[in-house]
Amino acid sequence: VDREPFGEMPDGTLVERYTLRNAHGGAARVLTLGATLSALLVPDRHGRLGDVVLGFDALEPYAGAHPFFGSTVGRYANRIAGGTFVLDGVAYPLARNDGPNHLHGGPLGFHHRVWAATVASSEGAALTLALESADGDEGYPGALSVRVTYTLGDDGELRIEYAAEADRATVVNLTHHSYFNLAGEGDVRAHALEIAASRFVPIDDTGIPLGELRPVERTPMDFTRPTAVGARLEARDEQLRAG
């Protein structure tokens, strides 16, 4: 595991980049800002390395607004309707940073925090990043301790493990937010996708689930057999527009 400086935040906080390598030349690059996967280099069938996730080569765009490229998202990934949730009878108002809703932990969510990194002991190259989120952080109750561990094995597998512990009742929904292009570059519409799901969750026009499950059959959501992504993207469908 290699470590190098990647730049400084506006307040002077240092951001570092760690590179995990395996025995076959593969590599995963992880930033302390947002516990972000900035690059994932894997060999193709001819052994040529390509970066299969989207990201930036410099700190500045990561520090600004971006589509959560490779970010660790929290305290709560996806949307909370109306920017409010109720827990144990208490309503907690949150920032409405996605139209009428709260998105991905708020404007200062975990993707905009600098995490503390430690090279981990594991089978393969591993890195653990830790973050302390105070009680009331972005409106959420309870102090929360979060850890994310990236492990790159010699078999080429990248494993991402999450752990979180709170000192009182709260809500937590952590996720990883990479965008993949398995060709390394170029258009992804020829990628074949298969999803073992017979139903999907429909949403309203602000991205909030409608509270029902619909069959994928005879809809653009049907990937029960390998299908090119581009074969579905141009369909006239209200759920594609909502998404």
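Definitions and cut-offs
- Residue indices follow the written sequence of each chain, beginning from 1 at its first position.
- For a predicted model such as this one, the threshold for reporting local features is a pLDDT of at least 70, and the threshold for listing and counting side-chain atom pairs is 80 or more; totals across whole chains, interfaces and linings nevertheless cover every residue.
- Hydrogens and water molecules were not included; the side-chain quantities draw on all heavy atoms of the structure.
- The salt bridge criterion pairs a side-chain nitrogen of Lys or Arg with a carboxyl oxygen of Asp or Glu, the two atoms within 4 Å.
- Only DSSP runs of H or I with at least four residues qualify as helices, and only runs of E with at least two residues qualify as strands; both kinds are numbered from the N terminus onward.
- Exposed residues in this analysis have more than 50% of their type's maximum accessible area, buried residues have under 20%, and partly exposed residues fall in between, with area computed by a 1.4 Å probe over protein chains only.
- The pairing test for Phe, Tyr and Trp rings, Trp by its six-membered ring, is centres within 6.5 Å, and the orientation test on the planes gives stacked under 30 degrees, edge-to-face over 60, and tilted for anything in between.
- Counted as over-ring charges are cases with an Arg CZ or a Lys NZ within 6 Å of the ring centre that also lie within 35 degrees of the ring normal.
- Any two strands are treated as partners once DSSP identifies two or more bridges connecting them.
- We score Asp and Glu as negative and Lys and Arg as positive, and we do not count His or the chain ends.
- Polar contacts here mean pairs of N or O atoms no more than 3.5 Å apart (in protein, one a potential hydrogen donor and the other a potential acceptor; neighbouring residues in sequence count only if both atoms are side-chain atoms).
- Note on contacts: a residue pair is in contact if any heavy atoms of the two residues lie within 4.5 Å.

Asks: When you look at the pattern of salt bridges in this model, what are you seeing that I'm missing?
Replies: Pairing between side chains becomes possible if they bear opposite charge and their charged atoms approach one another. One pass over the structure, following the stated rule, counts 13 salt bridges. Taking the shortest distance from any N to any O, the salt bridge between aspartate 2 and arginine 21 comes out at 3.0 Å. Remark: arginine 21 occurs in strand E2 (residues 14–21) and aspartate 2 occurs in strand E1 (residues 2–8); sequence separation between them is 19 residues. Look at aspartate 2 and you get partly exposed, because its relative accessible area is 39%. In this structure arginine 21 comes out as partly exposed when scored by relative accessible area, which is 46%. A salt bridge links glutamate 4 to arginine 17, with the shortest nitrogen-to-oxygen separation between them at 2.8 Å. Taken together, the residues span a long stretch of sequence, with glutamate 4 in strand E1 and arginine 17 in strand E2 at a distance of 13 residues. The class of glutamate 4 is partly exposed, set by a relative accessible area of 31%.

Asks: Please explain the packing of aromatic side chains as it appears in this structure.
Replies: Any aromatic ring pair is given by two values, namely how distant the centres are and how the planes are angled relative to each other. Tallying each qualifying case throughout the model produces 7 aromatic pairs. Their ring planes at 80 degrees and their centres at 5.0 Å tell us that phenylalanine 56 and tyrosine 62 sit as a pair that is edge-to-face. Taking 5.2 Å as the distance between ring centres and 80 degrees as the angle between the ring planes, the aromatic pair formed by phenylalanine 69 and tyrosine 179 counts as edge-to-face. You can see phenylalanine 69 sitting in the loop between helix H1 (59–63) and strand E6 (71–73) and its partner tyrosine 179 sitting in the loop between strand E15 (175–177) and strand E16 (192–193), a full 110 residues away along the chain. Given the relative accessible area of 31%, tyrosine 179 is considered partly exposed. The structure contains a cluster of three or more aromatic residues connected by ring pairs, namely Phe6, Phe56, Tyr62, Phe69 and Tyr179. We note arginine 232 situated over the ring of phenylalanine 223; from NZ or CZ to the ring centre the distance is 5.4 Å.

Asks: Honestly, unusual backbone geometry in this entry has me stumped. Any pointers?
Replies: Note: most residues except glycine have negative phi, and most peptide bonds are trans. At the junction of glycine 74 and arginine 75, the peptide bond is cis and its omega measures out at 10 degrees in the coordinates. With respect to the helices, strands and loops of the structure, arginine 75 is situated in the loop between E6 and strand E7 (79–80). You will see that glutamate 138, though not glycine, has its phi angle at about 55 degrees, which is positive. Considering the arrangement of structural elements, one finds glutamate 138 in the loop between strand E12 (125–133) and strand E13 (144–152).

Asks: Would you take a moment to explain the pairing of strand E4 (residues 36–43) for this structure?
Replies: Regular strands show a simple pattern: their side chains alternate between the two faces of the sheet. Within E4, 6 of the 8 residues are buried, which leaves the element mostly enclosed by the surrounding structure. Both strand E3 (residues 27–31) and E4 contribute to a ladder of 5 bridges, which runs antiparallel. For arginine 29, the partnering residue across the bridge sits in E4 and is alanine 39. Following E3, the chain reverses through 4 residues before pairing antiparallel with E4; glycine 34 in that reversal takes a positive phi of roughly 70 degrees. Taking the residues that link successive antiparallel strands as the turn, the E4-strand E5 (residues 49–51) hairpin has 5 residues, and the phi of glycine 47 there is positive, at about 85 degrees.

Asks: Is there a simple way to explain the pairing of strand E9 (residues 90–93) in this structure?
Replies: Sheet topology places strand E8 (residues 84–87) next to E9; 4 bridges connect them, and they run antiparallel. Bridging from a neighbouring strand, threonine 84 pairs with proline 93 of E9.

Asks: Where do I start with the side chain of aspartate 237 in this structure?
Replies: Mapped onto the elements of the fold, aspartate 237 is located in the loop between helix H2 (230–233) and helix H3 (238–242). Among buried charged residues, aspartate 237 stands out as having no salt bridge; its nearest opposite-charge side chain is arginine 214, 7.0 Å away. A polar contact of 2.8 Å, which involves the side chain of aspartate 237, links it to the backbone nitrogen of glutamine 239. The residues touching aspartate 237, leaving out its near neighbours within four places in the chain, are Pro220 and Met221.

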